[in-house]
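Observations on the three-dimensional arrangement
Here's the letter readout for the chains.
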Amino acid sequence: MKLDKRILGLILVCLLLAGGCRPTTEPVVTAAATATPAPTATPASTATPAPTATPAPTVTATPTETSTRDPATIEWVRDTTQNLVRDPSWAALDGAHALDDGLLFAAGGGYLTCTNAHGPHITFYGAWGVQVEMEIVEGEWGAFTLFGVLPKGEWWQGMRRLDLNVQAGEIGVSYWDGSKDSPAFTESFPASIGKGRVTLALRHVDNQLIIMVGEDEVARLADPGLFPDRLAYMGGNVPPDSKLALYHIYVEREKGQESLVKIAGLQTASTYRPSSPSLRELADRHGVSIGAAVSASPLRGDQSYAQALAHEFNFLTTENALKFGPVHPKQDTFAFADADTIVDFAEKNGMQVRGHVLIWHQQLAEWVEQGNWTREQLIEVMRDHIYTVMGRYKGRIQVWDVVNEAIADSGGAMRSTVWYKVIGDDYLDLAFQFAHEADPEAKLYYNDFNAEEMNRKASAVYELVKGMVERGVPIHGVGLQMHIVLTSPPNWAQVAKNIARINALGLEVHITEMDVRMPEPADETKLARQAEVYRDALQTCLDAEACTALIAWGVTDRYSWVPNTFKGTGSALLFDEQYQPKPAYDALYELLQSHNSESQPQGQLPALPAAIADWPMQIFEIINTLRAGQNLPPLEYNETLETAARLHGEDCRQRGSCDHTGSDGSTVKERVARLGYQTQGAAEVMVYEHTPQGAVDWWMDEVPPDDPHRRTLLGEFLTEIGIAVVPANEGYYYFIADLARPQSP
């Protein structure tokens, strides 16, 4: 095993069940998987061995003796009407760039391997092939890659993958069979390949693989079991500082048998159309969080994904970017690029962030799982990991899943993990204590699945967190994952009872990973039933004493983990693959609308979303700090002025625009007087901005004498202030500060 790794080298691979790829700066680094792991069987991504420029043969593949046909006798029909390279799904892959006439994979300082698992793939019951036109734009080699089975567990486990590696004068073949973390065989064959574009084809006939360059057959191999499920995904593999272009991918079929080979997963260019008000605006009015698990790849590459996310959700979960393996691949190496992308996006758009997950038994770095640790050594590993990861995002990530799925699936005992076996029962207590030390202001959660109803596992979770509370462990809440099968939804009365007993411990509850999968294809009846399940979940949460968030495990069916994990099922999320809201979205929307209208008395202001609840005080402190720098006395905070500002902000939100005159023609002095504030004078400053600091910077970035906002905030006559932050849209807020001087008694 060690020798194989030295011969082949190590590369980064992003074998994503959601599809993706990313560059690294060194060969051995773990990337975050964009697909969401199942509670029991989890896809992961780690460093993957690459074929070398001249692969050394290990096992020679030979033609099968049981084939009944000679592939050379087949008449092929090539479908040139569908160039799979042009499918928009490729745009969501890190390192993939659209060209006018194709697609470019560009590797940085590390290897880049992409798997388009959410784009076009081939299903077949007869002879088929793919023809690829490609070019090594920079570097010595590049590979077109086919997957017959995507991995589950470690990056290589169960995987069936074939790389067709093109370089001058030869083509290399490397095959992984999922039994180990190196190829089962590699082979190289002479081929007429020079500089510039080359046309490569792979044909699958019965149990044979035929490799073509142009019209010349260069190799014929026995199929080692590459496509057991009769489907094939596509991708590319590029070494460091190299570029590989794909210009076309055409599917080939046997003449007269075309119906036996189909292209699935084709995507059309989609455009998200925002609702008004948005789902997050309705949730904000009630002070509840509506969230989604987020992957960095589509966030970077799919504009509709980013738009839907920013407009509809006020809470993000880092889907895979902060799991141990992806973020801490080696003991002395951390990889924060994906998490930085997600957190930066959330801050820009005024969203709360849930860091998922610090300690878990899956997607764990191999160096941890395979280490020969003492208790003290593994505790130090845990401490260093938590301090480093949380320390980087201190004050920026508000909620953390500290430990995930520590209870065995049966619910009767602790799960046997490296953490439990080496450290012992108290590993959870230690993890939460380290997390609290790393960021004392963050809310800390225990998260688990199949523990929603009043069952054995739910009781085990309850006893676990109850003991932690009694021991004084800093825990703030419990996450109920809520991965639901449409045909067997939870008993919501039982869920409500379970949430109530957790709340009685003084702990909050979040629904953290909700999806509702159904047998495909979806139809009107199934979608209507799914809508009822989502509605029941939110209603149960809203009715609880302290259930404050519902988070879906993804934004759109386009990137859902469900179809690749639970074969024959899908359509599990709120938006379909074209970003159209489904009946489930409508159900949440209508419930929040009715809940708001029923629960808020006339004139009562909605609670501020948790993500921005402290923004008025942040602005207040910034302004007084600036005043102190000018030797001015501090302003006093006045809640009546805050209420006046918030009422005006709500008026602006409903109108969709804002100025200093209310929709009823009122001035700021009239608005504060209505609330009983008797003033000698009043003024107002406002701005449409993303963040508290951005709002103050805008007010202060004025040059005298044209500086009305600056002079208002740094004047001496007005002595009191109240500040409002009202969500507008697309991550912007109305920042309004009302200032006044009260009448003397």
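Note that the structure is predicted; figures quoted are calculated from it, not measured.

Quick notes on the state of the cysteines
- Counted by the stated rule, this structure contains 2 disulfides.
- There is a disulfide in this structure between Cys541 and Cys547, and the S-S distance comes to 2.1 Å. Measuring handedness by torsion sign, the sulfur bridge of Cys541 and Cys547 sits at about -100° and is left-handed.
- Exposure remark for Cys541: the relative accessible area of 1% places this residue in the buried category.
- Cys547 gets classed as buried once you look at its relative accessible area, which sits at 7%.
- In this model Cys652 forms its disulfide with Cys658; the gap between the sulfur atoms is 1.9 Å. Between Cys652 and Cys658, the S-S torsion sits near 55°, and that sign places the bridge as right-handed.

Observations regarding the sheet that holds strand 30 (residues 679–689)
- On the basis of which strands lie adjacent, the open sheet formed by 4 strands has the order 29-31-32-30 and mixed pairing. The open sheet is flanked by strand 29 (636–637) and strand 30, the only strands paired with a single partner.
- Inspection of the sheet shows strand 29 paired to strand 31 (residues 720–727) by 2 bridges, in the parallel sense. Bridged to Glu636 within strand 31 is Glu720.
- Contacts between helix 17 (residues 639–655) and the sheet are confined to strand 29, strand 30, strand 31 and strand 32 (733–742), with strand 31 contributing the most and set at about 30° to the helix.
- Against the sheet, helix 19 (residues 692–700) makes contact with strand 30 and strand 32, and its axis sits at roughly 115° relative to strand 30, the strand it touches most.

Observations regarding the environment of Thr540
- Inspection of the secondary structure assignment puts Thr540 in helix 13 (residues 524–543).
- A relative accessible area of 11% places Thr540 in the buried class.
- C-alpha separation for the pair Thr540 and Lys497, spaced 43 residues apart in sequence, amounts to 9.8 Å.
- Look past the residues within four positions of Thr540 in its chain and what remains in contact with it is Trp492, Val495, Ala496 and Ile499.

Some remarks on the packing of aromatic side chains
- By the definition in use, this model includes 22 aromatic pairs.
- For the pair Phe575 and Tyr585, a centre-to-centre distance of 5.2 Å together with 55° between the ring planes defines the contact as tilted. Linking Phe575 in the loop between strand 28 (569–570) and helix 15 (583–599) with Tyr585 in helix 15, this pair joins segments that are 10 residues apart in sequence.
- Relative accessible area serves as the criterion here: at 1%, Phe575 is assigned to the buried category.
- Judged by relative accessible area, which is 3%, Tyr585 ranks as buried.
- Aromatic side chains Phe620 and Tyr637 sit 5.2 Å apart centroid to centroid with 75° between the ring planes, which places their arrangement in the edge-to-face category. Pair noted here: Phe620 is in helix 16 (residues 615–629) and Tyr637 is in strand 29, with a separation of 17 residues, a long-range link.
- A network of ring pairs unites the aromatic residues Tyr272, Phe575, Tyr585 and Tyr589 as a single cluster.
- Here the guanidinium or amino end of Arg517 rests over the ring plane of Phe566, the centre of that ring lying 3.7 Å away.

Re the pattern of salt bridges
- As enumerated under the stated definition, the model contains 30 salt bridges in all.
- The partner of Arg471 in a salt bridge is Asp429, with the nearest N and O atoms 2.8 Å apart. One end of the pair, Arg471, is in the loop between helix 11 (456–470) and strand 24 (477–480); the other, Asp429, is in helix 10 (residues 427–438), with 42 residues separating them in the sequence.
- The exposure class of Arg471 is exposed, given its relative accessible area of 52%.
- Residue class for Asp429 comes out buried when judged on its relative accessible area of 17%.

Observations concerning the environment of Asp181
- Mapped onto the secondary structure, Asp181 falls in the loop between strand 11 (170–176) and strand 12 (185–190).
- Along the backbone, Asp181 and Trp156 are 25 residues apart, and their C-alpha atoms lie at a distance of 5.5 Å.

Thoughts on the side chain of Asp340
- Among the structural elements, Asp340 can be located in helix 6 (residues 337–348).
- A relative accessible area of 19% means that Asp340 is categorised as buried.
- Within polar-contact distance, the side chain of Asp340 engages the side chain of Arg392 at 2.7 Å.
- With residues up to four places along the chain from it excluded, the contact list for Asp340 reads Arg392 and Tyr393.

About the criteria used
- Residues numbered from 1 in each chain as written.
- Predicted model: local features only at pLDDT ≥ 70, side-chain atom pairs only at ≥ 80, totals over all residues.
- Heavy atoms only, no water.
- Disulfide = S-S within 2.5 Å.
- Buried < 20%, exposed > 50% of the residue type's maximum accessible area, 1.4 Å probe, protein only.
- Pairing = 2+ DSSP bridges.
- Helix = DSSP H or I, 4+ residues; strand = E, 2+ residues; numbered from the N terminus.
- Contact = heavy atoms within 4.5 Å.
- Axes fitted to C-alpha atoms, helices over the stretch in contact; angles between N-to-C directions.
- Phe/Tyr/Trp six-rings, centres within 6.5 Å; stacked < 30°, edge-to-face > 60°.
- Lys NZ or Arg CZ within 6 Å of the ring centre and 35° of its normal.
- Salt bridge = Lys/Arg side-chain N within 4 Å of Asp/Glu carboxyl O.
- Polar contact = N/O pair within 3.5 Å; in protein donor to acceptor, adjacent residues only side chain to side chain.

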